[in-house]
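Residue-level structural notes
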Amino acid sequence: MNGSAIENFSCVIYNIFLMNCTWQAGRHAPADTQYFLYWQNSRGEEEMECELYIKDENCRNTGCIFQNVSIGTEKAYFLVNGSSKDSLIQFYDEYIDLYKIEKLMPPSDITVNCDEMKNDCIIQWQRPQISHSNKGKCFKYEINIKYKDNPKGKPIYTSIQEGGNSHTFPRSNTRKKYLLKMRTAGSACFVNPAWGEWSAPLEFGNEEIIYSSVWIFLVVAVVTPLIAIITVLFCKRTSCWKAAFPQIPGPQPAFLTLGDTNLELMENKIQSITSENEEIVLVADIVR
């Protein structure tokens, strides 16, 4: 029956060994049509049926999950046929290069170490794991760096590097914090040339340390005079200045006490203070 074969067949390999294939029922397929997927990894292997089907709300098979998938140099063969009580169902088949449908994971163990003297930052990582190659030259990497305070803006730095596991980022602003993302694509070795997923953003830089110092300085600059003003106002209202700084009493006049009004007694006191050789004008004579 024309239009009964599946449509929009696609497969993707992820997490190294897992493969997920999906499809849609034919537009003219009877309602009771059921589909079955078979595949052959290489010519030397036997054809195998899917062991874990994905079903829709009508319990119709619309996909399959494969485990322990290995990627070779030959194309894999996929066949989806169907059955119905009402009519014959057309089959669908396709040859696929498995490495071209592998969804590459981002680099792992990404680290950034910045040299405060040279203002350069060294980015290091480990290549993503795939089942069929362990050579670093099979990959290329895209590096994307933005300012942390503008994560939705344009990147301030991008670079594509062939192979290797380190890259030098010429940091132009040491007072900023940055966000780094990386992703991987194949450059040779039967590795998918399409870019994979981005890594989670990685923060690096010194912005937080600088901001912390600025905040501490501002708090000290504002709080110190505020405390001084509050202390002065409090002491004015409570007269604590008199308790903290008591007035020093002035000297008492020695010659104006009531007990010293006798002129002869005053003469005797003055004469006892002066030496024998000094000429003194007696206060008593002046008073007289």
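Let us look at the structure shown here. Since the structure is predicted, the reported quantities are computational estimates derived from the model, not experimental observations.

Quick notes on the rules
- Each chain has its residues counted from 1, following the order in which its sequence is written.
- For a predicted model such as this one, the threshold for reporting local features is a pLDDT of at least 70, and the threshold for listing and counting side-chain atom pairs is 80 or more; totals across whole chains, interfaces and linings nevertheless cover every residue.
- Excluding hydrogens and water, the side-chain values take into account all heavy atoms of the structure.
- Numbering goes from the N terminus for both helices and strands, where a helix is a DSSP run of H or I of at least four residues and a strand is a run of E of at least two.
- Under the scheme applied here, a residue whose accessible area is under 20% of the maximum for its type counts as buried, over 50% as exposed, and between as partly exposed, the area being computed with a 1.4 Å probe on protein chains only.
- With residues, only the protein chains shown are counted as cover, and all accessible areas are computed by Shrake-Rupley using a 1.4 Å probe.
- Disulfides are defined as pairs of cysteine sulfur atoms found within 2.5 Å of each other.
- One bridge is not enough; two strands pair if DSSP finds at least two bridges between them.
- All axes are obtained by fitting lines to C-alpha atoms, using only the stretch in contact for helices, and the reported angles, taken between N-to-C directions, cover 0 to 180 degrees.
- Like charges within 9 Å and nonpolar side chains (Val, Leu, Ile, Met, Phe, Trp, Tyr) within 5 Å are joined into patches, using only residues over 30% in relative accessible area that form no salt bridge.
- Salt bridges are defined by distance alone: a side-chain nitrogen of Lys or Arg within 4 Å of a carboxyl oxygen of Asp or Glu.
- Whenever two N or O atoms come within 3.5 Å, that pair is a polar contact, provided that in protein one can donate a hydrogen and the other can accept it, and provided that, for residues adjacent in sequence, both atoms are side-chain atoms.
- Residues count as neighbours in contact if any of their non-hydrogen atoms are within 4.5 Å of one another.
- A 1.4 Å probe that fits but cannot get out identifies a cavity on a 1 Å grid over protein atoms alone, an open set with protein on both sides within 12 Å along at least five of seven lines counts as a pocket, and a residue lines either if it has an atom within 4 Å of a point.
- Grid points are joined across faces, edges and corners, and a volume is the space filled by probe spheres set on the points.
- Put simply, Ala, Val, Leu, Ile, Met, Phe, Trp, Tyr, Cys and Pro go in the nonpolar bin, Asp, Glu, Lys and Arg in the charged bin, and everything else, Gly too, in the polar bin.

The next point concerns the overall build of the protein. For the protein, the helix and strand inventory stands at four helices and 15 strands. Here the protein holds 288 residues, and the buried ones make up 33% of them. Total accessible area computed for the protein in this model is approximately 19,300 Å², and 55% of it derives from carbon and sulfur atoms.

Evaluated as defined, the whole model comprises four disulfides. Between the sulfur atoms of C138 and its disulfide mate C189 the distance is 2.1 Å. The sign of the -85° torsion about the S-S bond sets the C138-C189 disulfide as left-handed. With C138 in the loop between β10 (120-126) and β11 (139-147) and C189 in the loop between β14 (177-186) and β15 (202-205), the pair connects residues that are 51 residues apart, well separated along the chain.

The subject of this paragraph is the sheet that holds strand β9 (residues 108-114). A sheet is described by the order of its strands in space; here three strands give the open sequence β9-β10-β13, paired in antiparallel fashion. With partners counted over all chains shown, the strands left at the sheet margins are β9 and β13 (166-170), one partner each. In this sheet, neighbouring strand axes are inclined to one another by 20° on average, regardless of whether the strands run parallel or antiparallel. In terms of strand pairing, β10 meets β13 through five bridges, oriented antiparallel. Paired with I122 across the strands is T168, a residue of β13.

Turning our eyes to something else, we now look at a nonpolar patch on the surface. A grouping of V222, V223 and I227 is seen on the molecular surface, where their side chains present a nonpolar patch of about 250 Å² in accessible area. V222 gets classed as exposed once you look at its relative accessible area, which sits at 55%.

Now for the sheet that holds strand β1 (residues 7-14). Taken in spatial order, the four strands of this open sheet run β1-β2-β6-β5, and their pairing is antiparallel. A strand with exactly one partner marks an edge of an open sheet, and here the two such strands are β1 and β5 (53-55). Between one strand axis and the next, the sheet turns through 20° on average, direction left out of account. Bridge count for β5 against strand β6 (residues 61-66) is three bridges, and the pairing is antiparallel.

Before going further, it helps to examine unusual backbone geometry. Non-glycine residue N15 carries a positive phi angle of around 50°. Mapped onto the fold, N15 is located in the loop between β1 and β2 (18-24). Assessed through its relative accessible area of 44%, N15 is described here as partly exposed. Not every positive phi belongs to a glycine, and N68 is a case in point at roughly 55°.

This part is about the side chain of S84. With respect to the helices, strands and loops of the structure, S84 is situated in the loop between β7 (76-83) and β8 (92-96). A distance of 3.1 Å separates a polar atom in the side chain of S84 from the backbone nitrogen of D86. Dropping the residues within four chain positions of it, S84 is found in contact with P30, D32, T33 and I89.

Where strand β3 (residues 34-40) meets β7, seven bridges bridge the pair, whose relative direction is antiparallel. Paired with Y35 across the strands is G82, a residue of β7.

Here we come to the environment of N20. Here N20 is to be found in strand β2. Between the C-alpha atoms of N20 and G63, which are 43 residues apart in sequence, the distance is 7.3 Å. Setting aside anything within four residues of it in sequence, one finds N20 in contact with S10, C11, V12, Y14, I54, C64 and I65.

Over the atoms, a rolled probe matching the size of one water molecule traces out where space is still vacant. By volume, the largest pocket amounts to about 260 Å³. Lining of the largest pocket is provided by 13 residues; of these, W39, M48, E51, F66 and Q67 occupy positions nearest its centre. For the lining of the largest pocket, the elements supplying multiple residues, two or more each, are β4 (48-49) and β6. Grouping the constituent residues of the lining of the largest pocket by class yields six nonpolar, four polar and three charged.

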